[in-house]
Amino acid sequence: MKTSKLKQNLRVGFVYFLLSTLVLALIFLTYLLRSASLGFMDMGGWVYYVLSCLSHASLFAAIPFLLLFLPVSLLKAGPRLSGTLMAVGETLVAILFVINGFVYAIYHFHINGLVISMLTGPGASEIFVFSGWLYLKASLYILAILAVYLLLLWLAFRIARRPLPHLWRNGLLTVLTVTLLAQGFHIWGAATMKRSVLESTNYLPYYFPLRMNSTLDKWGLIDGDQMAYVQFNDDGGEGNLAYPLHPLEVSPADTLLNIVIFGIDSWSYRTMDAETTPCIRQFADSAQNYTQHISSSNGTRGGLFGLFTGVSSYYWSSFEYDGVQPLLVSQLCRQGYQVQAYPSATFADPPFAKMFFADVEDLNTDTPGSSVYERDCEITRRFIADLDKHDSTKPFFSFVFYDLPHAIQIPKDHLYHFKPTWEYADYMELSNDDDPTPFFNLYRNCVWTVDSLIGEGLQALRQRGLLENTVIVITGDHGQEFNENHKNYWGHWANYSRPQTGVPMVYYYPGCERGDYNHRTTHYDISATLLKQVLGVQNPVEDISMGQLLQDPTPRDWHVVGNDLYYAFILNDGTIVEKRGAGNIVIFDKHMNQLDDYPLDARQLNDAIIRLNRFYKK
């Protein structure tokens, strides 16, 4: 092919790429147009979303151009052959994202490994049952898309013949300008917490635009601390959550009980014994001790979110954007509780103060102290002091959250209760072959110290006669692993096996039927139990939580843990079906051995995903 013909052929392909970008951008635009989330959009949000549709579409439209059209053209193929190949490629890309739009409308996530597993797993034919009419309709869709792209190819030939000076420069400059504007809008939206910008981003598949909040904070252009308290839904616009599923029906008790939650960051279930936690263990003998309890995540953010809301932190962004408070806290406020938190670590980042307690006045968000130990001691003193300051005519709710086992940092005079022990946590010294005992004993010393502080709190309640009218929960936000699986995992936030998700769980209410309970319970059960048994909510549990009542022994199969990008389903036998950030699925047994040939039941997976998404508006 002569140089002039090659240049003309490349002009055709480039024009076709630009036209294909426009069509694909229209497909992306329909994702938001047919959603239940239009109420939060404003002019700035629409400008950002349209620009993002165009810039993001250009990336995918470029794939057939770069991988099909360009190589074939350079091999001296004629414009009809190279153009036809590109048309087929662009059609396949468009079909993929049309299908993705239907998937997102149903499951609230884009095509990923879960969808592939459902399509290929046992039982898939029973989930995806299509009538003859549906097959015909799908075929017509495909033919219509192919016709559109063939028409675009014809237009590309016509346009490319025209004298368009600086076609490549102007076209690429336009794409680059649109991309920079879209990224700039998102940087602005993230810095100003612009809801229409941040939430609409979720509708674009595999789109991860830039943020510069830390840099802008350093430059003094935004106040990073203040941004943690910004509420998104001040305009009263409707969000996309259906939480609760139906309006609450509440019949408060004549006498409301106080509620106290003692939380321990990174609390391993292995330390729930008379040696390490003597005060808690003794108290558990007069309460309900749930021995197979699982958190809602392997990190603090997801663990506390599940505890307070009763749903997975998969919903974190939606709760934040919609300005929705946990039903537990909103009911406490509505029924006149004196609500207070006692955090050792700040509640500003992650923004727990905003997410859980936005309606609470004079909330403690930070605690003074030069060390974690001092802050843990201080929150104990403040909690006990407030017991004498509460208005005795009103019930109170207290959340006391300790941090020592998370920091694994303790004064030397508390260090040698369990020996041999390290003096500080040195993660660089850890390997799969190391004896975990000294490190674990350091951790146990931290837990033992927190146990004594909780013991002081329990004793203060007992001395004031408050155990007669107070419900008490003692649990952790997530676990802490010390290489129990022998896969060189230490700490948390690395996997979803029991060492990182299993935590102790003690539940006490006056006159409770005491004892050890060995059925599986989860963090989603806690708020549901408090709402129904203490605050008088009459709705079924399914309306308010992804869990059940703590005392309900019904199997909690397909328990979901994690967040919106990286989550897993834990089956009753301990099998972990893990969806990773890239969208792929990896399956492990309960000891973190990968199962390559696990027969994943597509029907059960589909049901689990539908249950996971049920708190979104249809």
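We now turn to the structure provided with this report. Given the structure is predicted, the values throughout are model-derived calculations rather than measurements.

Looking only at helices and strands, the chain features 22 helices and 13 strands. The globule rule puts the C-alpha radius of gyration for 618 residues at 25 Å, and the 28 Å found for the chain is close to it. Its C-alpha atoms put the chain at 95 × 55 × 55 Å along the principal axes. Burial analysis of the chain (618 residues in total) assigns 56% to the buried set.

The contact between helix α14 (residues 327-334) and helix α20 (residues 524-533) brings their axes to 10 Å, and the two run at 25°. On the basis of their axis angle, the class for α14 and α20 is roughly parallel. Pair α14 / α20 crosses with left-handed handedness. Between α14 and α20, the residues in contact are Leu-327, Leu-328 and Gln-331 and Ser-527, Leu-530 and Leu-531, respectively. Taken together, the residues of the contact of α14 with α20 sort by class into 4 nonpolar, 2 polar and no charged.

This part is about helix α2 (residues 43-74). In this model α2 runs 44 Å from its N-terminal to its C-terminal C-alpha over 32 residues, within 8% of the 46 Å that 1.5 Å per residue would give. Along α2, the helix axis deviates most sharply at Leu-66, where the bend reaches about 35°. One or two residues past the end of α2 sits Lys-76, with phi positive at roughly 70°.

With that settled, consider helix α12 (residues 300-309). Within α12, 9 of the 10 residues are buried, which leaves it mostly tucked inside the rest of the structure. Considered for burial, the residues of α12 that qualify are Thr-300, Gly-302, Gly-303, Leu-304, Phe-305, Gly-306, Leu-307, Phe-308 and Thr-309. Where α12 ends, the next residue or the one after it, Gly-310, has phi of about 85°, a positive value.

Each strand in a sheet pairs with another by means of backbone hydrogen bonds, the pair being arranged parallel or else antiparallel. The strand order across the open sheet built from 7 strands is β3-β4-β1-β5-β8-β2-β9, with neighbouring strands paired in mixed fashion. At either end of the open sheet lies a strand with only one pairing partner, and these are β3 (338-343) and β9 (515-522). Between one strand and the next, the sheet's axes are offset by a mean angle of 15°, whatever the strand orientation. Direction of pairing for strand β1 (residues 258-264) relative to strand β5 (residues 470-476): parallel, over a ladder of 7 bridges. The residue of β5 that forms the bridge with Ile-261 is Val-473. Where helix α16 (residues 372-387) meets the sheet, its contacts fall on β1, β3 and β4 (396-402), and the angle it forms with β4 comes to roughly 165°.

Our focus in this paragraph is the nonpolar core. Core analysis: the biggest nonpolar cluster contains 71 residues, and Tyr-315, Phe-357, Phe-397 and Phe-569 have the highest contact counts within it. Those residues in contact with Phe-357 that sit more than four places away from it in its chain are Phe-308, Gln-325, Val-329, Val-339, Ala-341, Phe-347, Phe-352, Leu-363 and Phe-397. One finds Val-12, Leu-152, Leu-153 and Val-197 within the second-largest nonpolar core, a separate group that totals 49 residues.

With that out of the way, let us pick up the sheet that holds strand β12 (residues 576-579). Pairing in this open sheet of 4 strands is antiparallel, and the strands run β10-β11-β12-β13 from one edge to the other. At either end of the open sheet lies a strand with only one pairing partner, and these are β10 (559-562) and β13 (585-588). Averaged over all neighbouring strand pairs, the angle between strand axes comes to 20°, with direction disregarded. In the sheet, β12 pairs with β13 via 4 bridges, with the strands oriented antiparallel. Paired with Val-577 across the bridge in β13 is Ile-587. Where helix α22 (residues 602-612) meets the sheet, it contacts β10 and β11 (567-570), and its direction lies at approximately 120° from that of β11.

Turning to the pattern of salt bridges, a few remarks are in order. Taken as a whole, this structure holds 15 salt bridges when the rule is applied. For the salt bridge of Arg-195 with Glu-199, the shortest nitrogen-to-oxygen distance reads 3.1 Å. Taken together, the residues Arg-195 and Glu-199, both in helix α8 (residues 195-201) and 4 residues apart, mark about one turn of the helix. For the pair Arg-195 and Glu-199, one class covers both residues: buried. One salt bridge connects Lys-412 with Glu-423, and the closest N-O pair in it is separated by 3.6 Å. Taken together, the residues span a long stretch of sequence, with Lys-412 in the loop between α17 (404-407) and α18 (437-463) and Glu-423 in the loop between α17 and α18 at a distance of 11 residues. Its relative accessible area of 56% is what places Lys-412 among the exposed residues. For Glu-423, a relative accessible area of 41% corresponds to the partly exposed category. Through salt bridges with shared partners, one network takes in Arg-195, Glu-199 and Asp-322.

Attention shifts here to the pairing of β12. The side-chain alternation of β12 yields two buried faces, one formed by Ile-576 and Glu-578 and the other by Val-577 and Lys-579. Alignment of β11 against β12, held across 4 bridges, turns out to be antiparallel. Note that in β12 the partner of Phe-569 across the bridge is Val-577. Connecting the antiparallel pair β11 and β12 is a turn made up of 5 residues, with Gly-574 showing a positive phi of about 95°.

The residue Thr-300 is located in helix α12 in this model. The class for Thr-300 is buried, based on a relative accessible area of 16%. Separated by 2.6 Å, the side chains of Thr-300 and Asp-477 make a polar contact. When neighbours within four sequence positions are excluded, Thr-300 is seen to be in contact with Asp-265, Phe-352, Phe-401, Asp-477 and His-478.

Calculation criteria
- Residues numbered from 1 in each chain as written.
- Predicted model: local features only at pLDDT ≥ 70, side-chain atom pairs only at ≥ 80, totals over all residues.
- Heavy atoms only, no water.
- Helix = DSSP H or I, 4+ residues; strand = E, 2+ residues; numbered from the N terminus.
- Rg over C-alpha atoms; globule rule 2.2 N^0.38 Å.
- Buried < 20%, exposed > 50% of the residue type's maximum accessible area, 1.4 Å probe, protein only.
- Axes fitted to C-alpha atoms, helices over the stretch in contact; angles between N-to-C directions.
- Parallel < 35°, antiparallel > 145°, perpendicular 65-115°, else oblique.
- Left-handed = near helix turned anticlockwise from the far one by under 90°.
- Contact = heavy atoms within 4.5 Å.
- Nonpolar A, V, L, I, M, F, W, Y, C, P; charged D, E, K, R; others polar.
- Expected span 1.5 Å × (residues − 1).
- Bend = angle between axes of the 7 residues up to and from the residue.
- Pairing = 2+ DSSP bridges.
- Core = buried A, V, L, I, M, F, W, Y, C linked by side-chain atoms within 4.5 Å.
- Salt bridge = Lys/Arg side-chain N within 4 Å of Asp/Glu carboxyl O.
- Polar contact = N/O pair within 3.5 Å; in protein donor to acceptor, adjacent residues only side chain to side chain.

Limitation: the analysis is restricted to geometry and does not speak to function.
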